Amino acid sequence: MSFFNWLLALSLTALTGSSFGAVAVEGTERNCSQSPPYLPSTAVNTTLRLQDLRKGMLALKISAYIIPGTDAHLSEYIATRDARVAFMSGFTGSAGTAVVTQTKAALWTDSRYWVQAERQMDCNWELEKDVSISSIAEWLISEVPPGGEIGFDPFVFSLNTQESYNINLESSNRSLKSIPVNLVDQVWKDRPPIPPDSLTRLPDRVIQRTWQMKVELIRNQIRDNPYEPTALLLSALDETAWLFNMRGNDIPYNPFFYSYTLLTMDEIWLFLHTDRVTNELKDYLNTSCVGPLCVQLKSYDTVLDHVRQYVAQPGVKVWIGTEYTNYALYEVIKPEDKLTTSSYSPVLTTKAVKDETEQRILREAHVRDAVAVIQLLMWLEKAVPQGKETELTASEYVNMCRSKQKDSRGPSFETISASGPNAALAHYSPTEEAKRRLTVDEMYLVDSGGQYLDGTTDITRTVHWGNPTELQREAFTRVLMGNIEISRTIFPSGTRGANMEMLGRRALWEVGLNYGHGTGHGVGNYFGVHEWPVGFQSNNIPFRSGMFTSIEPGYYKDNDFGIRIEDVAVIVPAQTKHANNYLTFDTVSLVPYDRKLIDTSLLSSEQLQWLNKYYETIRRLMGPELDKQGLREEKDWMLKNTEPFMESGSSASICSSSLTIMALVIALFHNII
């Protein structure tokens, strides 16, 4: 087990306390006020690595050093070799910023991770609970003497991050100092290497647009830009992977590879680890020729020098997307008239709209993925009453089921398999050291997804195998109502998701319930499970036909239970009476909801009609697939759980067709008598 994986295991153990116990266990958080300090076994000794870092800081005459929790591509998911916050502090949560001075070390993270941080950090570290940059700046002003410099690696700072620090520090007589060599990397002696795996290309059967077609498509957008750029710099990992229809294995759960691309009207420079490019890929990329559709391979580490040389030429201008371009690259594009910016590059906005082939194969991937989730839910329904299954065995089971499906390439993220109070934790995942036994007395939430050559999936279902409480049934039904209200809404093309996000919350708000996470995110074709810039947040782009997004309202009762219902939907044209430029959602996730948790008396007639139509779709698409795979028992389970609901009443367990059959049986009985 690597250092990082060991830390991850410790973090999850800390979150749950013990294998089958409650979420919190007394004595598992550090106590630095007593003498000697109490540290749980999950805390990491950071004394020596802090000493080494501070030596490097002294040599550069900086008073503080900022360590963000991202990589040079500002990725959401990072490789173990980029987990610098975890290495320095012991804290392995996915959101955090560390700052080190000569006398202090502090970590800023949000409320999801406060307990985890107290269980992983030793007493060298302070925990700060206001995660804003202004809060970090205030701390720096209090700890750094006037005139002091604060070091940072510009490769792991976004433009907005650097600007925010500057604004908060500008009147304090403290300043930022860009240091292009990462000081944590210098003291991280056993830092994991770049994976040796060769890069791959997508098979032709899943491609409609060749990389040459995509290059010309993006070049047209460069030509159309009114600011007249001569080149486009791509920094986000999924940008280059999409442009060349290539995939890699550098980031856990994400088929990306470390890369940049500089694209002009007549040249293509691809920066990557060239020793991983096979001869077949070189032929595929036309690397042996010179011309506008010939790719020139360059070493990954030379991108900064190459961009600097390019902008030194007269009459050139580079277009960047500010959301994913690091400050190191931005720094060298000088003077300002050499630069044009937009929040997102044209690659990200173009990639967001799937072509006909991408839409078709992504739908097909969700059909196969639904088989795996149906297998999981049917198995759990039979196995949980026996009392031997845990959150971990359930997680392993769904991964095993997915691995048997065509074109499977593993999970798209670490499965959230959470029972009882663990389901109220937003980022809980079980481990061998920390797993809760599944019982018929608790709610169970499973949020999982798969990577396939033709698509990426993400689905959440919440179930109860015993007798749910009235609160659990009401909360579940209101979460379902939010899911349905978004899914069935019709809206003008170009509407932003943020403008309809409240539809997912309204039924919860009516009774004073809510959830603290986003309502949905884009999904890719064998890409990241969170694919920007599609979704329901204020910085997402307007919806257009052909985009895929998750829809995932929820509700979480601390230390008791959690509910989330997540489906992926594609945006399609809607048929309206008076206009043709309207859109709606077509759900492509194909797994029924737990009937026991649905109170149909809360559903409107329109919501019930939508639900019954959705179940008809599941039957129509999943029946043939389950037959094809010879899964008769799973098909029977699916048919049982997709029976149409009554038009009125409070029980979802009795359906209208069952009542009809019952009436016929009674009539026949009377005739026989």
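Not measured: the values here are computed from a predicted model.

What to know about the overall build of the protein
In step 1: Tallying secondary structure elements over the protein gives 20 helices and 26 strands in all.
In step 2: Here the C-alpha atoms of the protein give a radius of gyration of 27 Å, agreeing with the 26 Å that 2.2 N^0.38 yields for 673 residues.
In step 3: Oriented by its inertia axes, the alpha-carbon framework of the protein measures out at about 100 × 70 × 45 Å.
In step 4: Looking at the protein as a whole, 58% of its 673 residues are labelled buried.

Focus: unusual backbone geometry
In step 1: Of note, the bond from Lys334 into Pro335 is cis; its omega dihedral lies within 30 degrees of zero at -5 degrees.
In step 2: Residue placement: Pro335 occurs in the loop between helix H12 (327–332) and strand E14 (339–342).
In step 3: A cis geometry characterises the amide bond from Trp532 onward to Pro533, with omega recorded as 10 degrees.
In step 4: Although it is not a glycine, Lys61 adopts a positive phi angle of roughly 60 degrees.
In step 5: With relative accessibility at 71%, the residue Lys61 sits in the exposed group.

Focus: the state of the cysteines
Linking two cysteines covalently through their sulfur atoms gives a disulfide.
In step 1: Across all of its chains, the model carries two disulfides by this definition.
In step 2: Disulfide partner of Cys289: Cys294, at an S-S distance of 1.9 Å. Where Cys289 bonds to Cys294 through sulfur, the torsion about that S-S bond is close to -110 degrees, and the disulfide is left-handed.
In step 3: Each disulfide of the protein joins two cysteines, and with those cysteines numbered along the sequence the arrangement is 1-2, 3-4.

Digging into the nonpolar core
In step 1: Formed by 71 residues in total, the largest nonpolar core has its most connected members in Leu140 and Phe244.
In step 2: Leu140 has contacts with Ala64, Ile66, Val99, Ile150 and Tyr165, leaving out every residue within four places of it along the chain.
In step 3: Counting residues in hydrophobic clusters, the runner-up holds 60 residues, among them Val398, Ala418, Leu445 and Val463.

With respect to the packing of helix H14 (residues 356–383) against helix H18 (residues 605–628)
How two helices pack is summed up by the angle between their axes together with the distance between the axes.
In step 1: Between H14 and H18, whose axes approach to 10 Å, the crossing angle comes to 75 degrees. Between H14 and H18, the angle is such that the two are roughly perpendicular. Across from Val367, Arg368, Ala370, Val371 and Ile374 in H14, the residues of H18 making contact are Leu621, Met622, Glu625 and Leu626.
In step 2: A breakdown of the residues in the contact of H14 with H18 according to their chemical character gives seven nonpolar, no polar and two charged.

Focus: the environment of Glu616
In step 1: Structurally, the position occupied by Glu616 is in helix H18.
In step 2: C-alpha separation for the pair Glu616 and Pro40, spaced 576 residues apart in sequence, amounts to 53 Å.

A closer look at H14
In step 1: With 28 residues, H14 extends 41 Å from end C-alpha to end C-alpha; this agrees with the ideal 40 Å at 1.5 Å per step.
In step 2: A large share of H14 lies buried, amounting to 21 of its 28 residues.
In step 3: The opening residue of H14 is Asp355, an N-cap whose side-chain oxygen sits 3.1 Å from the backbone nitrogen of Thr357.

Some thoughts on the sheet that holds strand E25 (residues 567–573)
In step 1: The sheet built from four strands is open, its strands ordered E21-E26-E25-E22 with antiparallel pairing. Strands with a single pairing partner mark the edges of an open sheet, and in this sheet they are strand E21 (491–492) and strand E22 (548–551).
In step 2: Where E21 and strand E26 (residues 582–587) come together, two bridges link them in antiparallel fashion. The residue of E26 that forms the bridge with Phe491 is Leu583.

Comments concerning the environment of Gly69
In step 1: Here Gly69 lies in the loop between strand E1 (64–67) and helix H3 (84–89).
In step 2: Using a relative accessible area of 32% as the deciding quantity, one classes Gly69 as partly exposed.
In step 3: Sequence separation of Gly69 and Ala95 is 26 residues, and the distance between their C-alpha atoms is 6.4 Å.
In step 4: In this structure, Gly69 is in contact with Ile78, Val85 and Gly96, ignoring residues within four places of it in sequence.

So, the layout of surface pockets
Gaps between atoms show up when a probe of the same size as a water molecule is rolled over them.
In step 1: Considered as a void within the structure, the second largest pocket measures approximately 480 Å³ in volume.
In step 2: As for the second largest pocket, its lining consists of 21 residues, and the residues nearest its centre are Ala72, Arg84, Phe155, Tyr300 and Asp301.
In step 3: Of the residues contributing to the lining of the second largest pocket, the split by class is 11 nonpolar, two polar and eight charged.

Looking at empty space enclosed by the protein
In step 1: Applying the stated criterion to the full structure yields three cavities of 30 Å³ or more.
In step 2: Put simply, the largest cavity is a space of about 140 Å³.
In step 3: Along its surface, the largest cavity is lined by 18 residues, and Leu202, Val206, Arg247, Glu358 and Asn525 are the ones closest to its centre.

Concerning the packing of helix H16 (residues 470–488) against H18
In step 1: One way to put it is that H16 packs onto H18 with a least axis distance of 10 Å and a crossing angle of 80 degrees. It follows that H16 is roughly perpendicular to H18 by the angle criterion. For the pair H16 and H18, contact is made by Leu480, Met481, Ile484, Glu485, Ser487 and Arg488 and by Glu606, Gln607, Trp610 and Leu611, respectively.
In step 2: Grouping the constituent residues of the contact of H16 with H18 by class yields five nonpolar, two polar and three charged.

A closer look at the pairing of E14
Regular strands place side chains that alternate from one sheet face to the opposite one.
In step 1: Summarising the sheet, strand E13 (residues 318–321) and E14 pair through four bridges and their orientation is parallel. Looking across to E14, one finds that Ile320 is bridged to Thr341.
In step 2: The parallel pair E13 and E14 is bridged by H12, and the resulting crossover is right-handed.

A closer look at the confidence of the model for the protein
In step 1: Across the protein, the average pLDDT comes to 92, with 92% of residues at or above 70.
In step 2: In this model residues 1–27 is a low-confidence stretch, pLDDT under 50, and it forms 68 contacts with partners more than four residues away in sequence or in other chains.
In step 3: Low confidence marks residues 653–673, where pLDDT is under 50. Its contacts with residues over four positions away, or in another chain, come to 12 contacts.

About the cut-offs
Residues numbered from 1 in each chain as written. Predicted model: local features only at pLDDT ≥ 70, side-chain atom pairs only at ≥ 80, totals over all residues. Heavy atoms only, no water. Helix = DSSP H or I, 4+ residues; strand = E, 2+ residues; numbered from the N terminus. Rg over C-alpha atoms; globule rule 2.2 N^0.38 Å. Buried < 20%, exposed > 50% of the residue type's maximum accessible area, 1.4 Å probe, protein only. Disulfide = S-S within 2.5 Å. Core = buried A, V, L, I, M, F, W, Y, C linked by side-chain atoms within 4.5 Å. Contact = heavy atoms within 4.5 Å. Axes fitted to C-alpha atoms, helices over the stretch in contact; angles between N-to-C directions. Parallel < 35°, antiparallel > 145°, perpendicular 65-115°, else oblique. Nonpolar A, V, L, I, M, F, W, Y, C, P; charged D, E, K, R; others polar. Expected span 1.5 Å × (residues − 1). Polar contact = N/O pair within 3.5 Å; in protein donor to acceptor, adjacent residues only side chain to side chain. Pairing = 2+ DSSP bridges. 1 Å grid on protein atoms, 1.4 Å probe; cavity = no way out; pocket = protein on both sides within 12 Å on 5 of 7 lines; lining within 4 Å. Points joined across faces, edges and corners; volume = space filled by probe spheres on them. Right-handed = clockwise from strand over helix to strand, strands pointing away. pLDDT = per-residue confidence, 0-100.

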